[in-house]
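# Working through the structure, step by step
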Amino acid sequence: MHELVTDAARPSAALSPALELRAVSKSFGGVHALRNVDLELQPGSIHALVGENGAGKSTLVNICTGVLQPDQGRLTIEGREGAIPSPSDAARLGIHVVHQEAELFSQLSLAENMLLAEGLERRPGIPWLIDWNATYAKAENVLAGTGAAGRSRSLAGELSIGHRVQASLAAAVSSCPKVLFLDEPTASLTHRETARLLDELVRLRNEGVAIVYVSHRLEEVLAIADVVTILRDGVRVATEPAPGLTQQDLVSRMVGRELQTVDRAPYEGEPETVLRLDRVGSPSGTFRDVSLELRRGEILGLYGLVGAGRTELARAIFGLDPIAGVVELHGKPLSIERPAQAVSAGLAFLPEDRLNESIFPTHSCRSNLTVASLREMGPLGFVSNQREVEATRRTVHGLGVRLGSVEQPISTLSGGNQQKLVFGRWLETEPEVLILDEPTRGVDVAAKAQIHQLVCDLAARGKAILLISSELPEVMAVSDRILVMAEGKVTAEIDPSRSSEDEIVAAALPRSPKRDDGPVPSAHPRLRAILAFRELGIGAALVAIALLMAIARPAEFLSLKNGLDVLTSASIVSVAAIGMTLVIITGGIDISVGRMLGLVGAAAGMAAIAGLHPALCLMLAVAIGLALGSANSLLSTIGRIHPIVVTLAGMSVFQGLMLLLTKGYEVHPLPDGYRTLVDGRILFLPKVLVWSLAVLAGGWVLLQQTILGRRMLAVGDSERASVLIGLKPWRLRLAAFAIMGALIGLASVMWGGYYGKIQGNTGAGFELQAIAAAVVGGCSILGGRGTALGAFLGAVLIALIRNSLVLLKINSYWQDLFVGLLILAAVLVDLWLVRLAASRCEVAP
Amino acid sequence: MRGGAVNFWRLSRQLGLLMVVLAMFLAFAATSEPFRDSVNLLDRMRLWTEIGLIAIPMTWIIATGGIDLSVGSLVALSSMVAGVAYSQLRLPFPIALAAGVLAGVAGGAANGVAASVGKVPPLVATLATLAIYRGIAMGLGQGQPISGFPPPFGEWGNLAFVGSGPYAIPQQLLILLAMVLLGEVLLQKSRCGRWTLLLGENEVAARFAGIPVASLRFGLFVMSGLVSGLAAVTYMARSATAHPAANAGLELQAIACVVIGGTRITGGSGSVLGTFLGLLFLACLDFGLEMNGVLQQTQTILVGVLVVVIAVFNEWFARMSERRTPAAPLSSRTEGAG
């Protein structure tokens, strides 16, 4: 491979590079993402990094910012050889990065998103507590002058993408970077936002920052870059000064050669209209007023910038999203609510994101091919292996797929071969209309040309094809007609043989000034309010039930004793529920806590009976719990098995250990000294309640006021984003499991002290109570959201319902029914609230 | 590259488990007189019928990435509905049994609605219905068991064999075996089975490929409910009672069978035969250790430890079989949507 390395055309090139990579290689599972790449970043220079998807740009950025470690090669930082072991080390070395729009913790505040990695302000004197006022003040200071000024307390999910990128850039700039990476920063920005961003970059460059600008937008690259490095298939193709380069130069080097012209045989049949859309729109407004006709044998190109609404239109036609307006197939109105209906109506949809939306990676090529046409693969709902293999062979030969065996996992094929198989999948359904969304994204050059030829051949055979593409040369070369979309509307219809590229690009640019000049709407304006409603909601439910009971059973219900009874019976569960909330927040779950409580309670109780000081017994219990919780987490991390499997086994182990320890006898009677740890009152409050209030306070401080707690929330919110800022998910999970274990230790002492004995079945089913209280308290089972107060209130609500049933003289046997209904109601309300928040999501500009 | 490597690892995992079960069987047979007695052994196996039945649809549901925690409660509910229908409503016995099975189907359908229409994560949805069904079962019977079923029913549950002599096989075990084969053949060879495995591998891609995701989920939970109803029948026949508190924790044993059998808890792969091997493993371990005089508590610990060890091995084997792939999730992480 020839290399065109030239000195960076900068007057200041004599300075030593801010960051230099020599012969860096990186591979994933045997596939090279980078091979022998050199990169030299000069201070005061904007270095653009371009290449197709899969060319290795993001891997390169991740290596420079400490997210990934190179397999081979050297890094030199300001002339000194070294390594960047983690993102926080990168930050310390002055290397900062502005990630793509999606990398954020949507349920944390903007200030936290900016500062979580390093910069949260700590309280003077108590360094493990966050000083929120100072943190917000610091964030506001950084945000001053950007569009997001004054929004540091908003949840990141409430902000528009433009504001998030500006905030992220502002945060990076505020830490005085030496090297600044920007990974596709303008992908979702408006024109004006983009212009502002580029101005800011030029200013930074003039201040001497080395900037790496990763983008697909070649016009921007040529406008601001000083040097351009082109990557292809993990190899550096060239590094050249930007002045003098043209877009055509870049494209031809990115793809390896000029796009070949395709052989276009004409379609001989009747060009009747197959698909007709008449003023269709989406309820959320991502596309509006779109009308088009698609004829047999025609390739209709749909061009536009990212966010123009093309993919959204395609998804809606295919039944993945709602659509309003008239959709007709062969003149008959078509109502498609599910993709399955679209498939049987003769539609096929090749989605843009192959890895996430098309392939089943570990499944065979055979089953990846036949998934959409299984009805044709055998009688009576069965799948005939022979027919599948025949179909796969047909595709392999027909489309020129290169594979070793039809049984090999599809992920072992190259991108182009994967894409051909996905093409084959849809051809097997014998569709009349094919919607192709970026069909050549992330495939190599040869495969690209073959796919273009295939599209043309399909048209010649009478298929109607809607080709969505952001690559102008592709659309120009293949389409019969081109519709251009911008901001959700069709802005032009163009005949590619008579029009220039400029006309098409002009039509694709957003033009409505109000989007740029007016206040940019936030994404989820009321997210925070809606989520806060969660705890208020539980409170309201508590009050409502209490009111009803006060009316129905005033005498029994409205006594201090009854009130304390409810709180007391909630106490032990609430302690466990707060621990469980921590675990679920980080994305785990522990179903062994019940048996753990029995085991720890028995051990501590026996120690007390043997005469150990009660306080030492308590410490022993907490220590054992902590050890068991940590063991669960470590086993899950090291063995790479889901926590539910580990703790399912843990249940059994803990129960056996407990029976072994107690030889099957009750641990009874527990000494009075031990029992007084939790039995009795402080003032008028039962001690168990005091303990649980103390845990509530501790849990609140942990989750709201400490960096550890906020990071636990971050990991559950987005593990991917947390890795990018240098957090270690396994450590945070370990911490959550360990704290939960310690709390179970405390709960076991509370249990022993309160009930006076530990039996063989103590703790059976307790795990479900703890999970139920956490879930009722608004903890999302998917991670990232939950509060200590919620868990406590959840436990109280369950206890109140049990208490009310008793007072209402409803047979106790029905109790579980009401508790179950409560869990279901709580989750449904929660889902409804989240959907409500999402439905207010404004369209990204 | 040949695809044979994958089959080699997958096959060797299953064969490995079979070898482990066989080795354990031989070891116990060598050390324990009563274990060698096929009558004892088969009679003991009877106790595992319900877990085995439940574990079949559980394999399917876990293969989609879901879980069903409510099955133990649902078995109790089905048996109580049948018991109440027979002893209090005085319905003819077969109709009472059918009512019990229908209650199972209805319970499964409710789970399915919550998971597919309500979009509640299956773990939470079935945790809630675990409590709900148990509550209804307890409430229906006021906490008391119901017995007094027609004698032939109990005889079928305990004394009905196919064949005679030392190898007379209890009828429920044959039913279980038939269901296992049916479950496995459908999972590997039918359209719904294929859809199930693909759904667990990549839900988004499944939707894009036109797999009817919501109906499939719903259908699987209904099947789970139906099988719970059938398990209630074999349970009542075996124990001659309908007990509202019985079969708690059944779901966890079924899940253990599934995990041991090599079905990934996160979905995408699954084998009912593997699950059945898992059942044999647990049953053999349980009986063998007991016959060798191992304390109950030591047994419990051993089962837990072995579940983890086997789960770790299964995961390792699965990773080996995908080792030479470019690790799609990883490369998507590094290359993103850029």
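Relevant structure appears above.
As the structure is a computational prediction, the values presented were derived from the model and not from experiment.

### With respect to the overall build of chain A
Looking only at helices and strands, one finds 32 helices and 25 strands in chain A. For 845 residues, the compact-globule estimate of 2.2 N^0.38 gives 28 Å, and chain A sits close to it at 31 Å. Taken along its principal axes, the extent of the C-alpha atoms in chain A is 95 × 75 × 55 Å. The burial tally for chain A puts 55% of its 845 residues in the buried class. Excluding contacts between residues fewer than 6 apart, the proportion of contacts in chain A whose partners are at least 24 apart in sequence is 74%.

### Brief notes about helix 29 (residues 729-755) of chain A
Because an α-helix completes one turn every 3.6 residues, residues spaced three or four positions apart along the sequence face the same direction. Residues and elements named next belong to chain A. For helix 29, built from 27 residues, the straight-helix expectation of 39 Å at 1.5 Å per residue is met to within 8% by its first-to-last C-alpha distance of 38 Å. Extensive coverage of helix 29 is indicated by the burial of 22 of its 27 residues. One or two positions beyond helix 29, positive phi appears at G756, with a value near 80 degrees.

### Some points on the sheet that holds strand 15 (residues 290-295) of chain A
Residues and elements named next belong to chain A. Read from one edge to the other, the open sheet built from four strands follows the order 15-14-17-18, with strand pairing classed as antiparallel. Every interior strand has two partners, whereas the edge strands, strand 15 and strand 18 (332-333), have only one. With five bridges connecting them, strand 14 (residues 273-281) and strand 15 associate as antiparallel partners. Residue pairing for strand 15: T273 is matched across the bridge by R295.

### Remarks on helix 17 (residues 501-508) of chain A
Residues and elements named next belong to chain A. When we look at burial in helix 17, the residues that qualify are I504, A507 and A508. Mapping the buried residues of helix 17 onto a view down its axis gives an arc of 100 degrees, with all of them on the same face. Looking at the packing, one finds that the buried side of helix 17 touches strand 16 (299-303), helix 16 (472-478), strand 22 (481-486) and strand 23 (489-494).

### Thoughts on the nonpolar core
Residues and elements named next belong to chain A. Membership of the largest hydrophobic core comes to 378 residues, with the highest contact counts inside it found for I435, I465, L467, A576, L743, V775 and I823. If you tally residues by element for this core, the top one is helix 29, at 16 residues. In contact with L467, other than residues within four places in its own chain, are I299, L300, G301, L302, L436, V455, V475, V478 and S479.

### Quick word on the interface of chain A and chain B
Interface size, as often reported, equals the accessible area lost upon joining of the parts. Each partner contributes to the interface: chain A provides 90 residues, whereas chain B provides 77 residues. Elements with a minimum of two residues in the side of chain A that touches chain B: strand 3 (31-41), helix 1 (57-64), helix 10 (339-344), helix 11 (354-358), helix 23 (614-639), helix 24 (643-662), helix 30 (766-776) and helix 32 (815-839) of chain A. Top contributing element to the side of chain A that touches chain B by residue count: helix 24 of chain A, with 13 residues. Taken together, the residues of the side of chain A that touches chain B sort by class into 50 nonpolar, 29 polar and eleven charged.

### Quick notes on unusual backbone geometry
Outside of glycine, negative phi angles account for most residues, and trans bonds account for most peptide bonds. Residue and element names in this part refer to chain A. At the junction of H668 and P669, the peptide bond is cis and its omega measures out at -5 degrees in the coordinates. With respect to the element layout, P669 can be found in the loop between helix 24 and helix 25 (672-675). Positive phi is not limited to glycine here, since E487 has a value of about 50 degrees. Relative to the assigned elements, E487 resides in the loop between strand 22 and strand 23. E487 gets classed as buried once you count the C-beta atoms within 10 Å, which come to 23. One non-glycine residue, R640, lies in positive phi territory at about 55 degrees. Here R640 lies in the loop between helix 23 and helix 24.

Procedures and definitions
Residues numbered from 1 in each chain as written. Chains lettered and ligands numbered in written order. Predicted model: local features only at pLDDT ≥ 70, side-chain atom pairs only at ≥ 80, totals over all residues. Helix = DSSP H or I, 4+ residues; strand = E, 2+ residues; numbered from the N terminus. Rg over C-alpha atoms; globule rule 2.2 N^0.38 Å. Buried ≥ 20, exposed ≤ 12 C-beta atoms within 10 Å, placed from the backbone. Contact = placed C-beta atoms within 7 Å. Expected span 1.5 Å × (residues − 1). Pairing = 2+ DSSP bridges. Arc of directions from axis to C-beta. Core = buried A, V, L, I, M, F, W, Y, C linked by C-beta atoms within 7 Å. Nonpolar A, V, L, I, M, F, W, Y, C, P; charged D, E, K, R; others polar.

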